[in-house]
Amino acid sequence: MARVVVDVMPKPEILDPQGQAVANALPRLGFDGITSVRQGKHFELEVADDVDDATLAKIAETFLANPVIEDWVVRRVEA
Amino acid sequence: MRVGVITFPGTLDDVDAERAVRYAGGEAVKLWHADHDLKDVDAVIVPGGFSYGDYLRCGAIARFAPVMQEVVDAAKKGMPVLGICNGFQILCEAHLLPGALIRNHKLHFVCRDQWLKVENNATAWTTRYDQGAEILVPLKSGEGGYQADQSTLDELEGEGRVVFRYVGENPNGSRNNIAGITSANGRVVGLMPHPEHAIDALTGPTDDGLGMFLSLVDSVVKA
């Protein structure tokens, strides 16, 4: 078994109202100096050894992310 | 004429969509998400709600439902398909329509009666309207902001494929005030507002939405 991480982020040109709301809250909470926040999704998959990179990419591109509005990155990490 | 209305787990507006079909003189046929069967219908409505709880992204899981595979195949052969609200999101996820819907720009769920301008009265679902007509129908959604890259927007605008546009203040941050769009062949239409809730002044703000269902019945009768 291997652990695979998929990070999904809104594309830079796509409005991210949730990230903006977090960014706007920070100064109110007394945290200064944060100029921008983007909010995305982080998936951790436990994957059998025979699942290849092409399959993982297909999972990310067709299901975990919507490539119209989101970028994605797949990483294998030490479990 | 038989009009299929899909029910997913979490669908809310299938009953109103079926009622709208009957008001327009059609026969409403219930379609179930898990069936590979369109029951010989002439058109399909993908109604609003929260399909499969809308986990991951709105419409992302519903897109892979067995019945949606059939809808995609039928739409590619020219069957009229209407996606309302969550149905619009599902049609975008299924790549029957371009673009995507994201969280409203002010983060609030918007629930109000909304004026729309009819920008294209040549689709299978809009021939009963005058070009440029303004209609009042309910809008109720938290993720109704229409997004697409600039080249897609230019293509939609250039080909007249924006079907409905919000009138007045933009309620959700949709690019170009887009409320609804159509496929290149004018058979598939998706919109965030709810025409099926505005078919009788007794139960809705107006009966302005009924024209979409009457248009469909007209189009199939002519064909």
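Predicted model, so just to flag it, every value in this text is computed and none were measured.

**Q** Tell me about the overall build of chain A, and name the residues and values.
**A** A tally of helices and strands in chain A yields two helices and three strands. Its C-alpha atoms give chain A a radius of gyration of 16 Å, clearly above 12 Å, the size a compact globule of 79 residues would have. The C-alpha extent of chain A, read off along each of the three principal axes, is 50 × 30 × 15 Å. Evaluated residue by residue, chain A yields a buried proportion of 11% over its 79 residues. In chain A, the proportion of contacts linking residues at least 24 apart, taken out of those at least 6 apart, comes to 70%.

**Q** Account for the interface of chain A and chain B, naming residues and giving values.
**A** The partner chain B presents 13 residues to the nine residues of chain A that form the contact. Looking at the side of chain A that touches chain B, the element that brings in the most residues is helix H1 (residues 17-28) of chain A, giving three residues. Of the residues contributing to the side of chain A that touches chain B, the split by class is seven nonpolar, two polar and no charged.

**Q** Break down the nonpolar core for me, with residues and values.
**A** One broad rule of soluble globular proteins: the nonpolar side chains tend to lie buried together. One finds B:Val44, B:Val81 and B:Leu91 to be the most contacted residues of the largest nonpolar core, which totals 67 residues. When residues no more than four places from it in sequence are discounted, the contact partners of B:Val81 are B:Ala43, B:Val44, B:Val46, B:Val71, B:Ala75, B:Leu91, B:Leu96, B:Arg187 and B:Val188.

**Q** Could you give me a rundown of unusual backbone geometry, with the residues and numbers involved?
**A** Residues and elements named next belong to chain B. Notably, Asp54 is not glycine yet its phi reads approximately 55 degrees, a positive angle. Looking at the secondary structure, you find Asp54 in the loop between strand S3 (43-46) and helix H2 (66-76). Residue Asp54 is classed as buried on the basis of its C-beta count, with 20 C-beta atoms lying within 10 Å.

About the criteria used
Residues numbered from 1 in each chain as written. Chains lettered and ligands numbered in written order. Predicted model: local features only at pLDDT ≥ 70, side-chain atom pairs only at ≥ 80, totals over all residues. Helix = DSSP H or I, 4+ residues; strand = E, 2+ residues; numbered from the N terminus. Rg over C-alpha atoms; globule rule 2.2 N^0.38 Å. Buried ≥ 20, exposed ≤ 12 C-beta atoms within 10 Å, placed from the backbone. Contact = placed C-beta atoms within 7 Å. Nonpolar A, V, L, I, M, F, W, Y, C, P; charged D, E, K, R; others polar. Core = buried A, V, L, I, M, F, W, Y, C linked by C-beta atoms within 7 Å.

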